[in-house]
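Okay, here's what each chain looks like letter by letter:
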Amino acid sequence: EAVLNGNVGDTYKVQGTVAAVNAQSFILSDETGMILVYKGKTWTCDVAKGDIVVVTGASATYAKAVQFGATCEYEKVGKAEFKDGEAQVLDAALIDAMGDEEVATIKLVKVKGTLQVSGNYFNVNFEGSKYTGSVTYPADAEGLKAYDGKEVEITGYYTGISSSKYFNILYTEIKVAGEEPGDEPEVPADTVKVEAVLNGNVGDTYKVQGTV
């Protein structure tokens, strides 16, 4: 809270728990609020949800939100359980209202739209909204491409508005809209069971479908 309400550019030292991670940043949370810690495209992620981390550095602003920039330093000092809480379900009107706020506040949200993948950009078209969703720096970009062109439901942390139009989301979960947890996807006819790989000839090529 002291960083979010303090003078931008001042140096702070805070301790919190990692709430979520993508390929270039993580969200740090304590009992007073959340802040994005941006480390950049050369960063090798070595933190995970639940890590207790001490961050030291100057605050900055990006996408209407206060954050720690790439020059900040951090140290992992422990581990804890982090529970996300309940996501706020947003329709087009709520997306617009949140995006229009003068200062962006990180919140766990759930949104629905059509995912459009173009190179390294993962945009979500929200029907009826003036904003376009942007899934920022996904760690599993290749897996996300499987949802290209589909209507999806995304749960994640809203982190601000960039370029006056992109509603940035550090996502934690994605699924095809209408799918319920436990729904079994269709198994392609040319797949085999894991057992066939384990008992087969080493070096042979297989195609399998399973659950991580």
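For the structure itself, look to the data block above.
Rules used throughout
- Residues numbered from 1 in each chain as written.
- Predicted model: local features only at pLDDT ≥ 70, side-chain atom pairs only at ≥ 80, totals over all residues.
- Heavy atoms only, no water.
- Helix = DSSP H or I, 4+ residues; strand = E, 2+ residues; numbered from the N terminus.
- Buried < 20%, exposed > 50% of the residue type's maximum accessible area, 1.4 Å probe, protein only.
- Contact = heavy atoms within 4.5 Å.
- Areas by Shrake-Rupley, 256 points an atom, 1.4 Å probe, with all protein chains shown as cover.
- Lys, Arg positive; Asp, Glu negative; His and termini not counted.
- Charge placed at Lys NZ, Arg CZ, Asp CG, Glu CD.
- Pairing = 2+ DSSP bridges.
- 1 Å grid on protein atoms, 1.4 Å probe; cavity = no way out; pocket = protein on both sides within 12 Å on 5 of 7 lines; lining within 4 Å.
- Points joined across faces, edges and corners; volume = space filled by probe spheres on them.
- Nonpolar A, V, L, I, M, F, W, Y, C, P; charged D, E, K, R; others polar.

S.K.: Just checking my understanding: could you explain the overall build of the protein for this structure?
M.R.: In terms of helices and strands, the protein carries four helices and 12 strands. If one aligns the C-alpha atoms of the protein with their principal axes, the spans along those axes are about 60 × 45 × 30 Å. In the protein, buried positions account for 40% of the 212 residues. Within the protein, counting contacts between residues at least 6 apart in sequence, those at least 24 apart form 59% of the total. Element-wise, carbon and sulfur atoms account for 48% of the exposed surface of the protein, whose accessible area totals about 12400 Å². Of the side chains in the protein, 18 bear a positive and 31 a negative charge, and the two mean positions are spaced by 3 Å.

S.K.: Just to check I follow, could you spell out the pairing of strand E3 (residues 33–38) for this structure?
M.R.: Within a regular strand, the side chains alternate between the two sheet faces. Bridge count for strand E2 (residues 25–30) against E3 is six bridges, and the pairing is antiparallel. Residue pairing for E3: Leu 28 is matched across the bridge by Ile 35. Between E2 and E3, which pair antiparallel in sequence order, lie two residues.

S.K.: Could you clarify how one ought to interpret the layout of surface pockets in this entry?
M.R.: Where empty space is left in the structure can be found by rolling a water-sized probe over the atoms. By volume, the second largest pocket is sized at about 580 Å³. Contributing to the lining of the second largest pocket are 25 residues, with Tyr 121, Ser 134, Val 135, Thr 136 and Tyr 137 lying nearest its centre. Mapped onto the lining of the second largest pocket, the elements with two or more residues apiece are E3, strand E9 (121–125), strand E10 (132–135), strand E11 (151–162) and strand E12 (166–176). Among the residues forming the lining of the second largest pocket, the class breakdown is 13 nonpolar, 11 polar and one charged.

S.K.: I'm lost on the pairing of E9 in this one. Help?
M.R.: With five bridges connecting them, strand E8 (residues 107–118) and E9 associate as antiparallel partners. Opposite Gln 116, over in E9, you have Asn 123 as the bridge partner. Following E8, the chain reverses through two residues before pairing antiparallel with E9; Gly 119 in that reversal takes a positive phi of roughly 65 degrees. Two strands pair when backbone bridges link them, and E9 and E10 are joined in this way by three bridges, in the antiparallel orientation. Pairing of Val 124 across the sheet is with Gly 133, part of E10. Where E9 hands over to E10, the hairpin turn is made up of six residues, of which Gly 128 adopts a positive phi near 85 degrees.

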